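# Architecture and fold: a report
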Amino acid sequence: MDLTPTRTPANDAARKAFYDAIAAHSMTPLWEVLHALVPPAPATPCQPAFWKYDAVHPYLMQSGQLISADEAVRRVLILENPALRGQSCITQSLYAGLQLILPGEVAPSHRHTQSALRFVVQGHGAYTAVDGERTRMQPGDFIITPSWTWHDHGCEGNEPVVWLDGLDIPMLRFFDAGFAENGTARQQAVTRPEGLSTHRYGANMLPVRYEAPFGQTSPIFSYPYARTQETLRQLQTHADIDAWDGTKLRYVNPATGGSPMPTMATFMQQLPAGFDGKPWRQTDGAVFSVVEGYGSVTLSRGEQVWTFEFGPRDHFVIPSWHTAQLRSAPGCVLFSFSDRPVHQALGIHREERLS
Ligand code: GTQ
């Protein structure tokens, strides 16, 4: 006699009663969820999304009329993934927001275990201070706030300054490893001249008895656009252009060659005029900030297709395992960041370059 249980209406009812019974003991059957738990390919709930700067900028300026940087602590409009509203994230692992600071304002000193990157979008005259050293913020500069370092921001110029904040907030929330505290002083004491960390660590040399000041995070916390721009310009003229990425470079921790922060990788790329890129997909969802020029990105997953026509200061997100393709008629420069170092540390990073 075959005693193998089979699916019948009576058995379905028995299963349902069984699920209810074990639910009272905080248990649930794997077989009902196995396919979703271990999908054949990443099935992110994130959606591609696009924030046109022309649409965002008036709201940012309006926020400046409603609350001071001092009261807000950080006056930021979070870029929330439309499919993950209420979770303060742009991908499942990354946070992004646009921060506004007005002339004369100070965003007070605090520190947290979350790592932060700043990518300057608009305006001159602001600074970020990290552990006693200030760095000026110019459009296109990439600046790091290492985990657990005191930081405050200020604006000493005469125009509003806006930058993109990228943080690993959702990742630390996932690991329940977030700590934070406010500084006792509103602004930290400046103890070193501006640029000292660049002289010390950023001239392709390191102190003989180098000791990492910020653990796994880069000892350089400012990567100015002036240098990146010149590098891209030279490579665009004198080196091969990648059919998928154009000229794409990753920022590094000069002491390790690895990513500037343990949780986030950052990139800058230039597409030449007339670029019609090949499609690719990768497991690390990435956030883009358009620095200069114009172009488009076409994303697809299954039957769904999205196209975003971008220009300077626009932002968009390419979620995990969405096929993406970049094009640019006049040429453009794009900054991006993702959680790739974590994928790589876990040995799960995958990328496919399609043709
Ligand atoms: O500048 O320290 O966008 O702590 C979110 C959390 C910025 C910051 C954000 C933060 C900061």
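Refer to the structure presented above.
The model shown is predicted, which means the values in this text are computed figures rather than measured ones.

What follows covers the side chain of His153. Looking at the secondary structure, you find His153 in strand β9 (residues 151–155). A polar atom in the side chain of His153 sits 2.9 Å from the side chain of Thr128. Not counting chain neighbours up to four residues away, the residues in contact with His153 comprise Arg74, Gln99, Ile101, Glu105, Val106, Ala107, Arg118, Tyr127, Thr128 and Trp163.

Moving on, we get to the sheet that holds strand β2 (residues 76–78). Taking strand neighbours across the sheet as the criterion, the six strands line up as β2-β3-β10-β5-β8-β12 in an open arrangement whose pairing is antiparallel. Only two strands of the sheet have a single neighbouring strand rather than two, namely β2 and β12 (222–223).

As a structural note, the neighbourhood of the ligand is formed by Arg74, Val76, Tyr95, Gln99, His110, His112, Arg118, His151, His153, Asp165 and Leu167. Arg74 places a side-chain nitrogen or oxygen 2.8 Å from an oxygen atom of the ligand. Within the contact set of the ligand, an oxygen atom lies 2.7 Å away from a side-chain nitrogen or oxygen of Asp165. Coverage of the ligand by the protein amounts to 90% of the 290 Å² it exposes when considered alone. Secondary structure elements with two or more residues in the shell around the ligand: β3 (95–101), β4 (106–112), β9 and β10 (161–167).

With that out of the way, let us pick up the nonpolar core. General note: in soluble globular proteins, nonpolar side chains tend to be found buried as a group. If you look at the biggest cluster of nonpolar residues, it comprises 40 residues, and the most contacted ones within it are Phe142, Met268, Phe335 and Phe337. Listed in part, the 18 residues of the second largest apolar core include Trp306, Phe310, Phe316 and Leu326.

Each value, and the rule that gives it
- Residues numbered from 1 in each chain as written.
- Predicted model: local features only at pLDDT ≥ 70, side-chain atom pairs only at ≥ 80, totals over all residues.
- Heavy atoms only, no water.
- Helix = DSSP H or I, 4+ residues; strand = E, 2+ residues; numbered from the N terminus.
- Polar contact = N/O pair within 3.5 Å; in protein donor to acceptor, adjacent residues only side chain to side chain.
- Contact = heavy atoms within 4.5 Å.
- Pairing = 2+ DSSP bridges.
- Near = heavy atom within 4 Å.
- Areas by Shrake-Rupley, 256 points an atom, 1.4 Å probe, with all protein chains shown as cover.
- Core = buried A, V, L, I, M, F, W, Y, C linked by side-chain atoms within 4.5 Å.
- Buried < 20%, exposed > 50% of the residue type's maximum accessible area, 1.4 Å probe, protein only.

Read these as geometric descriptors, not functional statements.
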